[in-house]
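Structural features, examined
The primary structure of each chain is shown beneath.
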Amino acid sequence: MANAASGMAVHDDCKLKFLELKAKRTYRFIVFKIEEKQKQVVVEKLGEPADSYEAFTASLPADECRYAVYDFDFVTNENCQKSRIFFIAWSPDSSKVRSKMIYASSKDRFKRELDGIQVELQATDPTEMGLDVIRSRAN
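Notes on the structure follow.

The rules we used
- Residues numbered from 1 in each chain as written.
- Predicted model: local features only at pLDDT ≥ 70, side-chain atom pairs only at ≥ 80, totals over all residues.
- Heavy atoms only, no water.
- Helix = DSSP H or I, 4+ residues; strand = E, 2+ residues; numbered from the N terminus.
- Rg over C-alpha atoms; globule rule 2.2 N^0.38 Å.
- Buried < 20%, exposed > 50% of the residue type's maximum accessible area, 1.4 Å probe, protein only.
- Contact = heavy atoms within 4.5 Å.
- Areas by Shrake-Rupley, 256 points an atom, 1.4 Å probe, with all protein chains shown as cover.
- Lys, Arg positive; Asp, Glu negative; His and termini not counted.
- Charge placed at Lys NZ, Arg CZ, Asp CG, Glu CD.
- Disulfide = S-S within 2.5 Å.
- Core = buried A, V, L, I, M, F, W, Y, C linked by side-chain atoms within 4.5 Å.
- Salt bridge = Lys/Arg side-chain N within 4 Å of Asp/Glu carboxyl O.
- Pairing = 2+ DSSP bridges.

So, about the overall build of the chain. From N to C terminus, the chain includes four helices and seven strands. Along the chain, helices (α) and strands (β) appear in the sequence β-β-α-β-β-α-β-β-α-β-α when read from the amino end. Taking 139 residues into account, the globule formula puts the C-alpha radius of gyration at 14 Å, and the chain, at 15 Å, falls close to it. Overall, the chain is about 45 × 30 × 20 Å in size when its C-alpha atoms are taken along their principal axes. In the chain, which comprises 139 residues, the share counted as buried stands at 43%. Residue pairs in contact within the chain that sit at least 24 positions apart in sequence constitute 60% of those at least 6 positions apart. With an accessible surface of roughly 7,400 Å², the chain has 49% of that area assigned to carbon and sulfur atoms. Taking the average location of the 22 positive side-chain charges in the chain and that of its 22 negative ones, the two points are 4 Å from each other.

Attention now goes to the state of the cysteines. Working definition of a disulfide: a covalent bond connecting the sulfur atoms of two cysteines. One pass over the full model with this rule turns up zero disulfides. Free of any disulfide, cysteine 14 has its nearest cysteine sulfur in cysteine 65, 16 Å distant.

In this section: the nonpolar core. Grouped together as the largest cluster of nonpolar side chains are 20 residues, with contacts concentrated most on Phe32, Tyr67, Val69 and Phe110. Looking at this core, the elements with two or more residues in it are α1 (12-24), β3 (29-35), β5 (66-75), β6 (81-90) and α3 (97-113). Once residues within four sequence positions are removed from consideration, tyrosine 67 is found in contact with Ile30, Val31, Phe32, Ile34, Val41, Phe87, Ile88, Ile102, Tyr103, Ser106, Lys107 and Phe110. In this structure, Val31, Ala68, Phe74 and Leu121 belong to the second largest nonpolar core, which totals 18 residues.

It is worth spelling out the pattern of salt bridges at this point. Inspection of the entire model under this criterion finds twelve salt bridges. The residue arginine 25 makes a salt bridge to aspartate 71 at a minimum N-O spacing of 3.0 Å. Taken together, the residues arginine 25 in the loop between α1 and β3 and aspartate 71 in strand β5 connect sequence positions 46 residues apart. We classify arginine 25 as partly exposed; its relative accessible area is 37%.

Here we come to the pairing of β5. The element β5 is largely enclosed, with a buried count of eight among its ten residues. Bridge count between β3 and β5: four bridges; the pairing is antiparallel. If you follow valine 31 over to β5, its bridge partner there is alanine 68. As judged from the ten bridges shared by β5 and β6, these two strands associate in the antiparallel manner. Residue pairing in the sheet places phenylalanine 72 in a bridge with arginine 84 of β6.

Coordinates in, geometry out; function isn't part of it.
Following this line, the structure appears as structure tokens:
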């Protein structure tokens, strides 16, 4: 277990699942949550490769913070198939202040554990991570 600067450890499963998403494309997305009692980041949900972006956004709670990784496939203007791995810090306005502070202070340390993130997004409401935003940031 890696020890985070904020006191949040990162469960080994987080890194293992991320490597599977990155290397084998086993998952479309991963949602991570901080377990305050255990003081660690854990995997909360894994998205199947066929899952849509809507399934991903629906798996984020409306009033609780989460970290998420999404493997976005797209076609470039030159007609090339590409993908980008997005790291999304989900911090809705309606979540508790304490939760927002814990997620904010643990984010950089957690993100460093996930080697291979290409784009980072911070979102406080669904419009800040809409598919149009993801598309524009992917290129």
